[in-house]
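Reading the structure
Residues per chain are reported as follows:
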Amino acid sequence: MFRQKIKRGFTLVELLVVIAIIGVLVGLLLPAVQAAREAARRMSCSNNVKQLGLAIHNYHSAYSQMPIYGGGTTNYAGAGLAYTDGLGNTTTGGGYTRYRLSFLVGLTPFFEQQALWEQISNPYNQNTTTVDDPSTSMTSPWSPMGPNPGFQNGYVPWATEMATLRCPSDPGVGLPAQGRTNYVASLGDGFFSFERSNPLTNGKESSTHAQRQRGSHRGMFVHRNSMKFRDTLDGLSNTIMCGEVITDLGDSDTRSDLLRVPGGSTNGPGAASSIRNPTVCTNHAQIDPERPQFWKSDTVRGNSNDQLRTLASDRRGYRWADCGPIFTGFFTVTPPNAAACMLSNITIEAGPMSTSSRHQGGTHVLMGDGAVKFITDSIEAGTQTAPNPFIAVNVNNGSIIEENGVGAASPYGLWGSLGTRASGEVIDEEF
């Protein structure tokens, strides 16, 4: 007699049980995998910030000053007074920067972008269209240091993105941005005098603007001024030098798609201005109550009035080469990841705009000594209804309005004190 071998397999119930177990395990492991990936991205972002700090220190060693926030070239002959001057032409080149270069431009040779620096600092005869075809070129080149970075989309260096300036957690790519950056300069806790004042024929700002600037610009970087480490009297380890921001994705994010709010006149801010009360931005009626990180979908867009959002080309983290604070700067007024806005007049894209990130719970900052810190959203930020430190000069009679004092401690708590360079605020414990 022959024995018959019976082949046994999984029953349907057993198969379903195994599938269910695998599903549960995947559900348990997936958040851990995602967390591990984000931890790796956050570490990479921290390394980028560290490299930026090394670049600034090497720059200071080479030139005995920090890179200028708002440098470049202008037309000393008497033209070049308009905010949009110096564009050049995508065929005939030319142009000038109109003192609008960000601090990042001068740093390019110090974070392994020497080839890009050579394009910027020399005449360059390609635009963003011809650069992909070696057989074509412009009839005459762009000027050394390039055209106005705020309005010229055809200049190749201004449209270039660099991995060193991008956080791996930020998915933003492409137009309408030119070149994006996630790393920006600390401008302190005062944003009053970043107005669109035009360089005079000698290339300098007016005396009225200079007085306002001395009272308002309290960070390590000061608009169109040569700053040195020795100017940071509070100590490099106590003062923020740079920070992290998100780049806008076109999704109405309150941190990157800024709302325009009233500013005031050049003689002083009005009562409704965020200079008088930064919570005008963080508690604004246009914030969607169902999605507090986003503006309401019906908020319109424009250039100057209250409750208008910025244009598509004017968003956070765009234009790495432009010194407009909305692009390459931040203020230590509102806490990290708070809703941001910009003043509708008297400013060059400035307002209570803080650091921001795609990381959970906070943002990276770079201290003056090169240390990288992760600042949580819950950092102590003082009295948010306190007026912004400023000096306003009446252009008619020369009278001065001073708020919070030129050298007074920041009203915005620990966060504000970390942004000021010379207010006698020393942090003697870990934060």
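What this report covers is the structure whose coordinates are included nearby. Keep in mind it's a predicted model, so treat the numbers as computed, not measured. (Residues numbered from 1 in each chain as written. Predicted model: local features only at pLDDT ≥ 70, side-chain atom pairs only at ≥ 80, totals over all residues. Heavy atoms only, no water.)

1. Some remarks on the pattern of salt bridges
Taken as a whole and assessed by the stated rule, the structure comprises 11 salt bridges. Between Arg166 and Glu161 there is a salt bridge, with its nearest N and O atoms 2.9 Å apart. Residue Glu161 is classed as partly exposed on the basis of its relative accessible area, which comes to 31%. A salt bridge links Asp253 to Arg255; the nearest nitrogen and oxygen atoms lie 2.9 Å apart. Linked by salt bridges that have partners in common, Arg100, Asp314, Arg319 and Asp322 make up one network. (Salt bridge = Lys/Arg side-chain N within 4 Å of Asp/Glu carboxyl O. Buried < 20%, exposed > 50% of the residue type's maximum accessible area, 1.4 Å probe, protein only.)

2. A word on the packing of aromatic side chains
One pass over the full model with this rule turns up 11 aromatic pairs. When the ring of Phe103 is compared with that of Phe221, the centres are 4.9 Å apart and the planes differ by 50 degrees; the resulting orientation is tilted. In this pair, Phe103 is assigned in helix H2 (residues 103-107) and Phe221 in the loop between helix H5 (207-216) and strand S2 (240-244), connecting sequence segments 118 residues apart. In this structure Phe103 comes out as buried when scored by relative accessible area, which is 0%. Pairing Tyr155 with Trp158 gives two aromatic rings, centres 4.9 Å apart and planes at 70 degrees, and the pair type is edge-to-face. (Phe/Tyr/Trp six-rings, centres within 6.5 Å; stacked < 30°, edge-to-face > 60°. Helix = DSSP H or I, 4+ residues; strand = E, 2+ residues; numbered from the N terminus.)

3. Some remarks on the side chain of Arg218
Mapping Arg218 onto the fold places it in the loop between H5 and S2. Accessibility expressed as a relative area gives 5% for Arg218, which makes it buried. Separated by 2.9 Å, the side chains of Arg218 and Asp189 make a polar contact. (Polar contact = N/O pair within 3.5 Å; in protein donor to acceptor, adjacent residues only side chain to side chain.)

4. Quick word on the environment of Tyr124
For Tyr124, the position within the fold is in the loop between helix H3 (114-121) and helix H4 (156-159). Overall, the relative accessible area of 11% leaves Tyr124 in the buried class. Between the alpha carbons of Tyr124 and Gly93 there is a distance of 8.3 Å; along the sequence they are 31 residues apart. Contact partners of Tyr124, with chain neighbours within four places excluded, come to Gln119, Val131, Met138, Pro141, Trp142, Tyr155, Val156 and Pro157. (Contact = heavy atoms within 4.5 Å.)

5. A word on the pairing of strand S1 (residues 183-186)
Judged from the 3 bridges that link them, S1 and S2 form a sheet pairing that is antiparallel. The partner of Val184 across the bridge, within S2, is Gly243. Here S1 pairs with strand S8 (residues 329-330) via 2 bridges, running parallel. Note on S8: the bridge partner recorded for Ala185 is Gly329. (Pairing = 2+ DSSP bridges.)

6. Section: the state of the cysteines
Evaluated as defined, the whole model comprises 1 disulfide. The residue that forms a disulfide with Cys281 is Cys341, at a sulfur-sulfur distance of 1.5 Å. Pair noted here: Cys281 is in helix H6 (residues 279-282) and Cys341 is in strand S9 (residues 341-343), with a separation of 60 residues, a long-range link. Here Cys45 is not disulfide-linked; the sulfur of Cys167 is the nearest cysteine sulfur, at 3.4 Å. According to the relative accessible area criterion, Cys45 is buried, its value standing at 0%. (Disulfide = S-S within 2.5 Å.)

7. Description of the side chain of Ser417
Its place among the elements puts Ser417 in helix H8 (residues 413-419). The buried category is assigned to Ser417, whose relative accessible area is 6%. Residue contacts for Ser417: discarding those within four places in its chain leaves Asn238, Ser410, Glu425 and Ile427.

8. Quick word on a nonpolar patch on the surface
A cluster of nonpolar side chains, namely Val13, Val17, Ile21, Val24, Leu25, Leu28 and Leu29, defines an oily patch on the protein surface of about 680 Å² accessible area. Here Leu25 shows up in helix H1 (residues 12-63). Leu25 gets classed as partly exposed once you look at its relative accessible area, which sits at 46%. (Patch = residues over 30% accessible without salt bridge, like charges linked within 9 Å, V, L, I, M, F, W, Y side chains within 5 Å. Areas by Shrake-Rupley, 256 points an atom, 1.4 Å probe, with all protein chains shown as cover.)

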